[in-house]
Amino acid sequence: MSDAIGVIGGGAWGTALAQVMASGGRDVRLWAREPEVIEAINDTHENPIFLPGRALSPRIRATDDLSWVGESEAVLVVTPAQHMRAVLADMPRHGQPLILCSKGIEAGSLKLLHQVAHEAVDGSPIAVLSGPTFAHEVAGGLPTAVTLAAADLATANALAELIARPTFRPYASTDLAGAEIGGAVKNVLAIACGVVEGAGLGLNARAALIARGFAEMTRFGVALGAQPETLAGLSGLGDLVLTCSSTNSRNFSLGLGIGQGKPAAQLLADRRTVAEGAATAPVLREAAARAGVDMPVAEAVCALLSGAEVVRVVEALLSRPLREEAR
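What counts and how
- For every chain, the first residue of its written sequence is number 1, and the numbers climb from 1 along that sequence.
- Residues qualify for local features only when their pLDDT is at least 70, as the model is predicted, and side-chain atom pairs are given and counted only at 80 or more; totals for whole chains, interfaces and linings, by contrast, use all residues.
- Side-chain numbers here rest on the full set of heavy atoms in the structure, without hydrogens or water.
- Helix and strand assignments follow DSSP, with helices taken as H or I runs no shorter than four residues and strands as E runs no shorter than two, numbered in order from the N terminus.
- In this setup the radius of gyration rests on C-alpha atoms only. A globule is expected at 2.2 Å times the number of residues raised to 0.38.
- Relative accessible area decides the class of each residue, using a 1.4 Å probe on protein chains only: under 20% of the type maximum gives buried, over 50% gives exposed, and in between gives partly exposed.
- All accessible areas in this document rest on Shrake-Rupley with a 1.4 Å probe, and a residue is counted as covered only by the protein chains that are shown.
- Positive charge is attributed to Lys and Arg, negative charge to Asp and Glu, and no charge count is given to His or to the chain ends.
- Every charge is mapped onto a representative atom, which is NZ of Lys, CZ of Arg, CG of Asp or CD of Glu.
- For two strands to count as paired, DSSP must find a minimum of two bridges between them.
- Interaxial angle, 0 to 180 degrees, is taken between N-to-C directions of lines fitted to C-alpha atoms, where a helix line uses only the stretch in contact.
- Only buried residues count toward a nonpolar core, which is a set of Ala, Val, Leu, Ile, Met, Phe, Trp, Tyr and Cys residues joined through side-chain atoms within 4.5 Å.
- In what follows, residue pairs with any heavy atoms lying within 4.5 Å of each other are defined as contacts.
- Salt bridge, as used here: a side-chain nitrogen of Lys or Arg that lies within 4 Å of a carboxyl oxygen of Asp or Glu.
- A 3.5 Å cut-off defines polar contacts: any pair of N or O atoms within that distance qualifies, except that in protein one atom must be a possible hydrogen donor and the other a possible acceptor, and neighbouring residues in sequence count only when both atoms are side-chain atoms.

Draft legend 1. View of the overall build of the protein chain. Counting its regular elements, the protein chain contains 16 helices and 8 strands. Against the compact-globule benchmark of 20 Å for 327 residues, the protein chain has a radius of gyration of 19 Å, which places it among compact chains. Each principal axis of the C-alpha distribution contributes one length, and for the protein chain these read about 60 × 40 × 35 Å. A total of 327 residues make up the protein chain; the buried ones form 52% of that total. A total of about 13,600 Å² of accessible surface is found on the protein chain, and carbon and sulfur atoms cover 53% of it. Here the protein chain contributes 26 positively and 33 negatively charged side chains, and the mean placements of these two sets differ by 4 Å.

Draft legend 2. Summary view of unusual backbone geometry. Although it is not a glycine, His-45 sits at a positive phi angle of roughly 55°. With respect to the helices and strands, His-45 occurs in the loop between helix 2 (35-44) and strand 3 (60-63). The backbone phi angle of Leu-110 is positive, close to 60°, even though this residue is not glycine. Relative to the helices and strands, Leu-110 is located in the loop between strand 5 (98-100) and helix 5 (113-120).

Draft legend 3. Molecular detail of the sheet that holds strand 5. The strand order across the open sheet formed by 8 strands is 3-2-1-4-5-6-7-8, and the pairing between neighbours is mixed. With one partner strand each, in any of the chains shown, strand 3 and strand 8 (168-173) form the two edges of the open sheet. Strand-to-strand twist across the sheet, computed as the mean angle between neighbouring axes with direction ignored, equals 25°. In the sheet, strand 1 (residues 5-8) pairs with strand 2 (residues 28-31) via 4 bridges, with the strands oriented parallel. Each residue of the ladder has a partner; that of Ile-8, found in strand 2, is Trp-31.

Draft legend 4. Region of the structure containing the nonpolar core. Core analysis: the biggest nonpolar cluster contains 46 residues, and Ile-181, Val-185, Phe-220, Ile-258, Leu-284 and Met-295 have the highest contact counts within it. Sorting the residues of this core by element identifies helix 8 (176-198), helix 9 (203-223), helix 12 (250-259), helix 13 (264-269), helix 14 (276-291), helix 15 (296-305) and helix 16 (310-318) as the ones contributing at least two each. The leading source of residues in this core is helix 8, at 12 residues. Not counting the four nearest positions on each side in its chain, Met-295 is found in contact with Val-185, Glu-216, Met-217, Phe-220, Leu-284 and Ala-288. Ranked by size, the runner-up nonpolar core spans 40 residues in total, among them Ala-18, Leu-56, Leu-148 and Ala-156.

Draft legend 5. Quick peek at the pattern of salt bridges. Enumeration according to the criterion identifies 13 salt bridges in this entry. The partner of Asp-239 in a salt bridge is Lys-103, and the shortest N-O contact between them spans 2.6 Å. On the criterion of sequence distance, the pair formed by Asp-239 in helix 11 (residues 234-243) and Lys-103 in the loop between strand 5 and helix 5 is long-range, its members being 136 residues apart. The class of Asp-239 is buried, set by a relative accessible area of 1%. For Lys-186, the salt bridge goes to Asp-239, with nearest N and O atoms at 3.7 Å. In this pair, Lys-186 is assigned in helix 8 and Asp-239 in helix 11, connecting sequence segments 53 residues apart. Taking relative accessible area as the criterion, Lys-186 reaches 5% and is therefore assigned buried. A single salt-bridge network, built from bridges that share partners, covers Arg-85, Glu-106, Lys-111 and Glu-119.

Draft legend 6. Fine view of the environment of Gly-200. Along the chain, Gly-200 turns up in the loop between helix 8 and helix 9. A relative accessible area of 59% means that Gly-200 is categorised as exposed. Along the backbone, Gly-200 and Glu-46 are 154 residues apart, and their C-alpha atoms lie at a distance of 37 Å.

Draft legend 7. Spotlight on the side chain of Ser-102. With respect to the element layout, Ser-102 can be found in the loop between strand 5 and helix 5. Note on Ser-102: relative accessible area 9%, which makes it buried. Polar side-chain contacts of Ser-102 include one of 2.3 Å to the backbone oxygen of Thr-79. With residues near it in sequence (within four places) discarded, Ser-102 still touches Val-77, Val-78, Thr-79, Pro-80, Ala-81, Met-84 and Leu-113.

Structure below.
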């Protein structure tokens, strides 16, 4: 096993993380599916498809060979949530730590990604990295803070030391569920906030939606064993505020288009990058129902993704019975 750091996933976020790791003087092995991405990173030190305009460190070497990545000291896993199990099953097992950097819940099993990873790669320490992180800012070296959660604090602290850089600050936690749930749910809520913007419903409505969405996130997280403090931290509220307020968010941009009257199916078909919230929304609805948690905003997003009219969905939300805010 080498002292390089591996990154699985050649999209914007995977490339940005590779750049951060290389900035600390480490060699980085970046696995990607797309031959054109691999060629560009190795030959011109850029990823013009997913992270255009950002010069990359020559310490980053891209590959389509998982065995090369699997020999690294630690591996950051940045595949889309619904593909994580299959990719990890193909990776050689050397017992190195896996840091999961994707956000979502597995369809079918309704399992969080750290649970999926434990099943797919037995014997490796599993950690979760989540927080308010736009890829272009991280790759550009702008200050960023994240949650890094592992089952025990010693592992979380050791991995935080491994990946910390002067402008990339991980905060250790032992709440794997909380770190994951915040990242998964906020993607769905960001679609809703984009719809509010696209439909011209105003800033008051967006602020109310963020607050009520955070209440849903907290109810769901606590039902699954998460700590409220984690959900109120970087990986929950911090990430929620970021992605619900900027068109740099793929999920917010998807909602923006829906709010402007464009069909969700068309918007998703036109995208090369993944808006994880679209895949997570129906899975979250099913998981919430199983846990007995009421999540009306998540339900509304599912309806919108299925083609429901924005005006009808908004009317349904506004006509819900009045209730105490703390419930």
